Amino acid sequence: MTHIERRSTDILILGSGGAGLLAALHAKSANPELRVTVAVKGLLGKSGCTRMVQGGYNVALAAGDSAERHFMDTLDGGKWLNDQDLAWTLVTEAQTRIRELENRWGCFFDRNPDGTIHQKAFAGQTFDRTVHKGDLTGIEIINRLAEQVWARGIERLEEHRAIALIRSADGARISGVLLLDIRRGGFVFVQAKAVLLGTGGGPTMYKYHTPSGDKSCDGMAMALRAGLELRDMEMVQFHPTGVLAGPGTRMTGTIIEEGLRGAGGYLLDGSGQRFMHNYDPRGERATRDIVSRSMEREIQAGRVNAAGGLWLEMKHLGPEKVAKMFKGMVERCADMGFDLAGDRVPVVPTAHYMMGGVVFRADGSTALPGLFAAGEDTGGVHGANRLGGNGVANSTVFGGLAGDAMARFVPAEGELAPPDEAALDAAMGAALAPFGRRPQPLGPLRDALAALMWDKAGILRDAAGLAEARSGLDALEAELHAAGVADGMRGFNLSWADWLNLESLILISRAIVAAAEARQESRGAHWREDFPHTQDDAAGLHHTLVTLEEGQVRLSWREVAFTRLRPGQSLLTPQAAE
Amino acid sequence: METVPKGEKAQDTLKVRVWRGDAAGGEFREYAVPARENQTVLDVVTQIQREQEPDLAYRFACRVGMCGSCAMEVNGRARWTCRTHVKRVAAPGEALEIRPLANLPVIRDLATDMAPFFDKWARAGGTFQPKDAPDGAVPAEFSVVPPESKQRREADAGIECIGCGVCYASCDIVAWNPDYLGPAAMNRAWTLVNDVRDGARRERLEAVSGDAGCHSCHSTQSCTERCPKNLDPSSAIAGLKRTLFWDSLWGRLR
């Protein structure tokens, strides 16, 4: 019998990004009597991706802009695959949340010269509506939220990694979450009346990726194993400019910002020639998906530099001007050994964000009573593609709403239900399994997964490649389940963490591949070389659903409910839409 | 023991001394890591954990200088490891020496417990308190604060602190007096004192006025010298001292 520490709380929040921290603050403010506990894989406020937001926060504030306009931009970007009620909640609630972030929690956003809030332009939007703090908006938001959480009697379980969502003995609701106390290397079961899944997504299974290095899709993997549906998992967003610093460095894949192309930066092939105008009249300023695909075509055609990538060049704008306009990026590149202002930086497209995730309602509730979800763990808000600036709006809007909903749910319907002890034992057994096997380095497995997903299920997809990805993932999963980790020091054991990360990543890769194989069209971020056209929306649009049944990934479809508008319709009057 | 993997020339290998141990004590051990053109100190630590010492403990998250999880002492000086190129800290042929951050309890190997650092942030009053809404109501409108106003510029000076702990680990006063609030916490307090939207000026100034607060600072300036963001906590602490002096002169504090 494995030793397990048992504790309980009213509300257990997994994750400390925008979703988790807003949920904690809202729940605690709504009812200070409630015990609220935040469990996080790293340190509170330091893990995950909200913190890494550079761009900013989309919200309609200015005269001439409107929630309707923001809504239409979000649906156009999402290619009408969005859940329209979620998208409407996003654009309207963002107007409340941004005021709350600034006026209540202390975020100090940038101002116009007259002292009013500044909103900048961002790709794919018909109005300049992105609120920001320089190019480090995420740090400002998460720092301010974290310091509010520290000061409010909210319990912290830092360096506690969630392993499994555990249902009640009768299976009717969630009972709690099995966690691994990373520092001790022991298990903790936290029973809770309500649980928020807010661990974030992050497509880190791809060879080149932007998200925080501790991300591994644990939330979505736990949700699948707990019997929940994931929607639109084929929709993985690739960002055009990841740094290509070579193998063996964690710098590779990290993002250098969109604004560089917006300001007039050039993308060059290996021989130093610009190429974007061969693909799109907007050149380097085309949308993220088009630029990423064009770059991938150049790379596949072999027009690459010595590092195997392309170049980003800014110096024609004047090195001094570039150094002033993009101070943070220039410093970051300098630390990596590249001169962004005066020379070229090797770049490659890089996996950035997952539009798909757990099916949920606007109040955060899911199909499992007591389990709530918000942020990148969820799907439906962004449809087939996310607008830059809608990510942090998503996590903070729905995190706050879920916090409110949990504070209502706990007194009305919450209970500390006894857990399914067999499921608890099975989850601990699965997590401990690698200690019973012969240790082997996990590096080759990780590299094989990254290459497989990049080459066969990446920016340009087709049936043959996806089939190879599917069988390759089966083989990698078998290999992982035969791989051991050296036993001994279990506290702060990063090899064990690596094994657990890979298990989540392989499962979610299987979900991505199953959905990508099924969608035989190109839409938003999902591009099929063998089906390069977008099907007629009017013929009925469906989103993919992935579930896990007896270890097998199952795919089904559900018709998109056009609850507010059908494709082609607009909330804007013809005059306003111009 | 130094070992050079077969088939690699000596100059292709970095010599690395890594502190291994826990709260009870520890020692340096030596490793040989293949040298690469682009390589950060975090990459070196990662290589050792992945290829040589599976149970080496360290902490990192974002890998690009935004989260402040990966700071360690590198060749005697606290730094972010993710953004520190090996070439910048070790001349060719020179060894790297990596220890956990000073002034914080060690969990194991290179990972420290940062809880005291964040507890002090809270103790220094480093939490925004809206001026207009002590009852928790949210003002509907944004404050009008011109970016060129003196207060906004002073608030902005220190606002981008990411809480990495480099200043705290570099501070002699923290080493002498474990209760001392430290540079980051007081930098945050000073930022809020300058925030025209904040309503807790008096409580905050009281929080930093005691024995563990700003008057303990001897202005040795290691914090300012070592801040990876080029912030100036030393000036922030001086600002708090100055403000406390004038406030007490005018009787605005007890």
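Residues numbered from 1 in each chain as written. Chains lettered and ligands numbered in written order. Predicted model: local features only at pLDDT ≥ 70, side-chain atom pairs only at ≥ 80, totals over all residues. Heavy atoms only, no water.

(A) Highlighting the overall build of chain B. On a plain count of helices and strands, chain B comes out with 10 helices and 7 strands. Each principal axis of the C-alpha atoms in chain B carries an extent, and together these give about 70 × 35 × 30 Å. Taking the intrachain contacts of chain B between residues at least 6 apart in sequence as the baseline, contacts between residues at least 24 apart amount to 63%. Put simply, chain B shows about 11100 Å² of open surface, and 50% of that area lies on carbon and sulfur atoms. The positive charge centre, built from 34 side chains, and the negative charge centre, built from 34, are 3 Å apart in chain B. (Helix = DSSP H or I, 4+ residues; strand = E, 2+ residues; numbered from the N terminus. Contact = heavy atoms within 4.5 Å. Areas by Shrake-Rupley, 256 points an atom, 1.4 Å probe, with all protein chains shown as cover. Lys, Arg positive; Asp, Glu negative; His and termini not counted. Charge placed at Lys NZ, Arg CZ, Asp CG, Glu CD.)

(B) Geometry of the overall build of chain A. The helix and strand inventory of chain A stands at 15 helices and 18 strands. For chain A, whose C-alpha radius of gyration is 23 Å, the value lies close to the compact-globule estimate of 25 Å for 578 residues. Taking the principal axes of its C-alpha atoms as reference, chain A extends roughly 65 × 55 × 50 Å. For chain A, the computed accessible surface area is about 18900 Å², with 50% contributed by carbon and sulfur atoms. Of the side-chain charges in chain A, 62 are positive and 71 negative, and the distance between the mean point of each set is 2 Å. (Rg over C-alpha atoms; globule rule 2.2 N^0.38 Å.)

(C) Structural detail: a nonpolar patch on the surface. All names here are of chain B. A contiguous nonpolar patch, built from F245, W246, L249 and W250 and spanning about 510 Å² of accessible area, is present on the exposed surface. One can find F245 in helix α10 (residues 233-249). With relative accessibility at 47%, the residue F245 sits in the partly exposed group. (Patch = residues over 30% accessible without salt bridge, like charges linked within 9 Å, V, L, I, M, F, W, Y side chains within 5 Å. Salt bridge = Lys/Arg side-chain N within 4 Å of Asp/Glu carboxyl O. Buried < 20%, exposed > 50% of the residue type's maximum accessible area, 1.4 Å probe, protein only.)

(D) Geometry of the sheet that holds strand β5 (residues 130-131) of chain A. Here 3 strands make up an open sheet; going across it, the order is β3-β5-β4 (chain A) and the pairing antiparallel. Unpaired on one side and paired on the other, β3 (57-58) and β4 (119-120) of chain A mark the two borders of the sheet. (Pairing = 2+ DSSP bridges.)

(E) Local environment of the interface of chain A and chain B. Contacts between chain A and chain B engage 66 residues on the former and 63 residues on the latter. Here chain A meets chain B over a buried area of about 5800 Å², counting both sides, of which 53% is carbon and sulfur. Interface area lost by chain A to chain B is led by A:K46, A:F108 and A:R250, which between them contribute 15%. Counting the contacts that link chain A with chain B gives 10 salt bridges. Here B:E160 and A:K133 are joined by a salt bridge, their closest N and O atoms 3.8 Å apart. At the surface where chain A touches chain B, the tally comes to 41 residue pairs in polar contact (both at pLDDT 80 or more). (Buried area = accessible area lost by both parts, 1.4 Å probe. Polar contact = N/O pair within 3.5 Å; in protein donor to acceptor, adjacent residues only side chain to side chain.)

(F) Structural detail: the pairing of strand β17 (residues 542-549) of chain A. All names here are of chain A. Here strand β10 (residues 230-231) pairs with β17 via 2 bridges, running antiparallel. Looking at the pairing, R231 lines up with L545 of β17. In this sheet, strand β18 (residues 552-559) lies alongside β17 in antiparallel orientation, the contact comprising 8 bridges. Paired with T547 across the bridge in β18 is R554.

(G) Structural context of the layout of surface pockets. In this model, the second largest pocket occupies a volume close to 950 Å³. Every residue lining the second largest pocket is counted, 35 residues in all, and those nearest its centre are A:K327, A:G328, A:E331, B:E160 and B:K229. Elements that contribute at least two residues to the lining of the second largest pocket include exactly α8 (319-325) and α9 (327-336) of chain A together with β4 (77-80), α4 (150-157) and α9 (222-226) of chain B. Of the residues forming the lining of the second largest pocket, the biggest block, 6 residues, is contributed by α9(A). Residue composition of the lining of the second largest pocket, by class: 13 nonpolar, 5 polar and 17 charged. (1 Å grid on protein atoms, 1.4 Å probe; cavity = no way out; pocket = protein on both sides within 12 Å on 5 of 7 lines; lining within 4 Å. Points joined across faces, edges and corners; volume = space filled by probe spheres on them. Nonpolar A, V, L, I, M, F, W, Y, C, P; charged D, E, K, R; others polar.)

(H) Main features of the nonpolar core. All names here are of chain A. In terms of nonpolar packing, the biggest core is built from 239 residues, with L14, Y57, L101, L178, Y206 and I508 touching the most fellow members. If one sorts the elements of this core by residue count, helix α14 (residues 494-518) sits on top with 15 residues. Ignoring sequence-local partners within four residues, the contact set of Y206 consists of V236, F238, A351, A450, M453, W454, A457, G458, R461 and I512. Listed in part, the 18 residues of the second largest apolar core include M355, A525, F562 and L572. (Core = buried A, V, L, I, M, F, W, Y, C linked by side-chain atoms within 4.5 Å.)

(I) Broad picture of the domain arrangement of chain A. Residues and elements named next belong to chain A. You can read the domains of chain A as domain 1 (4-235 + 354-421), domain 2 (241-350) and domain 3 (434-559). Centre-to-centre, using C-alpha coordinates, domain 2 lies 28 Å away from domain 3. Taken together, the 8 residues of domain 2 in the interface contact 6 residues of domain 3. When domain 2 packs against domain 3, close to 680 Å² is buried across both sides, 61% of that on carbon and sulfur atoms. Of all residues in domain 2, the largest losses of buried area upon contact with domain 3 belong to R293, E296 and R297, amounting jointly to 67% of the total for that side. (Domains from an automatic or database assignment.)

(J) Looking closely at the sheet that holds strand β12 (residues 266-268) of chain A. All names here are of chain A. Spatial ordering of the open sheet is given by β11-β14-β13-β12, a layout of 4 strands whose pairing is antiparallel. Every interior strand has two partners, whereas the edge strands, β11 (236-243) and β12, have only one. Pairs of neighbouring strands in the sheet enclose a mean axial angle of 40°, with direction left out of account. (Axes fitted to C-alpha atoms, helices over the stretch in contact; angles between N-to-C directions.)

(K) Spotlight on the environment of B:S222. Relative to the elements of secondary structure, B:S222 occurs in helix α9. Sequence-wise, B:S222 and B:W176 are 46 residues apart; in three dimensions their C-alpha atoms are separated by 14 Å.

(L) A look at the packing of helix α3 (residues 115-123) of chain B against helix α7 (residues 183-193) of chain B. Residue and element names in this part refer to chain B. One can describe the packing of α3 onto α7 by two numbers: an axis separation of 8 Å at closest approach and a directional angle of 25°. Classified by the angle their axes make, α3 and α7 are roughly parallel. Note that α3 runs across α7; the crossing there is right-handed. Contacts from F117, K120 and W121 in α3 reach A184, A185 and R188 in α7. (Parallel < 35°, antiparallel > 145°, perpendicular 65-115°, else oblique. Left-handed = near helix turned anticlockwise from the far one by under 90°.)

(M) Quick look at the domain arrangement of chain B. All names here are of chain B. Each assigned domain of chain B is listed here: domain 1 (13-112) and domain 2 (115-249). Taken residue by residue, the interface counts 16 residues in domain 1 and 17 residues in domain 2. Across the interface of domain 1 and domain 2, roughly 1200 Å² is buried in total on both sides, 61% from carbon and sulfur atoms. Applying the counting rule to domain 1 against domain 2 returns 0 salt bridges. If you look at where domain 1 meets domain 2, you find 4 residue pairs in polar contact (both at pLDDT 80 or more). Mapped by element, the contributors of at least two residues to the side of domain 1 that touches domain 2 are β3 (71-74) and β4.

(N) Main features of the side chain of A:T254. When you line up the elements, A:T254 lands in the loop between β11 and α6 (259-262). By relative accessible area, A:T254 is classed as buried at 1%. Only 2.6 Å separates the side chain of A:T254 from the backbone oxygen of A:M251, close enough to count as a polar contact. In this view, A:T254 contacts A:H209, A:T241, A:G242, A:V243, A:M336, B:R63 and B:V64; residues no more than four positions away in its chain are not counted.

(O) Main features of unusual backbone geometry. All names here are of chain A. Here F492, not a glycine, exhibits a phi torsion of approximately 50°, which is positive. Tracing the sequence through the fold places F492 in the loop between α13 (463-482) and α14. In this structure F492 comes out as buried when scored by relative accessible area, which is 4%. Unusually for a residue other than glycine, E550 sits at a positive phi of about 50°. A relative accessible area of 82% places E550 in the exposed class.

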